[in-house]
Amino acid sequence: MTALIPTLQPRRTSYRRGKPPDPRAFLERYRSNLAALTAERQPEIDALSRKLVRQDRAIAALRDRRGISPSP
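Here the residue numbering is sequential within each chain, running from 1 through the sequence in written order. Reporting of local features is limited, given that this is a predicted model, to residues whose pLDDT is at least 70; pairs of side-chain atoms are given and counted only at 80 or more, and all residues count toward the totals for whole chains, interfaces and linings. No hydrogens and no water enter the side-chain calculation; it runs on all heavy atoms of the structure.

Participant: Quick question: what am I supposed to make of the overall build of the chain here?
Facilitator: Note on conventions: DSSP H or I runs of at least 4 residues are helices, E runs of at least 2 residues are strands, and numbering of each starts at the N terminus. Along its length, the chain carries 2 helices and 0 strands. For every residue, the accessible area (1.4 Å probe, protein chains only) is compared with the maximum for its type, and the residue is labelled buried under 20%, exposed over 50%, or partly exposed between those bounds. The burial tally for the chain puts 1% of its 72 residues in the buried class. Split by element, the accessible area of the chain, about 6,800 Å² in all, is 56% carbon and sulfur. Working definition of accessibility: Shrake-Rupley area with a 1.4 Å probe, residue cover restricted to the visible protein chains.

Given below as structure tokens:
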């Protein structure tokens, strides 16, 4: 997403016909691109989330076996 931010900024430095740029346009384009990227990468995000859950369970099981209290 960081690579896309420069492309989302307004392209003009001056007002067109005296009309200031819409301040919501950048945010709308950002959210649109973020939603597209998230939808495209959702399977990878889900796989990583499942992996983290498995790792957390493995760490908890190891701590239980060793009698180590969980850290805050």
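After presenting the structure, the write-up continues.
Participant: For this particular structure, what's the right way to read the packing of aromatic side chains?
Facilitator: Any two aromatic rings considered together are summarised by their centre-to-centre distance and by the angle between their planes. For Phe, Tyr and Trp, rings pair up if their centres lie within 6.5 Å, where Trp contributes its six-membered ring, and each pair is then called stacked (planes under 30 degrees apart), edge-to-face (over 60) or tilted (otherwise). Counted by the stated rule, this structure contains 1 aromatic pair. Centre to centre, the rings of phenylalanine 26 and tyrosine 30 are 6.4 Å apart; their planes meet at 20°, and the pair counts as stacked. Taken together, the positions of phenylalanine 26 and tyrosine 30, both in helix α2 (residues 23-66) and 4 residues apart, correspond to about one turn of that helix. Classification of phenylalanine 26 by relative accessible area gives partly exposed; the value is 29%. By relative accessible area, which is 25% here, tyrosine 30 ends up partly exposed.

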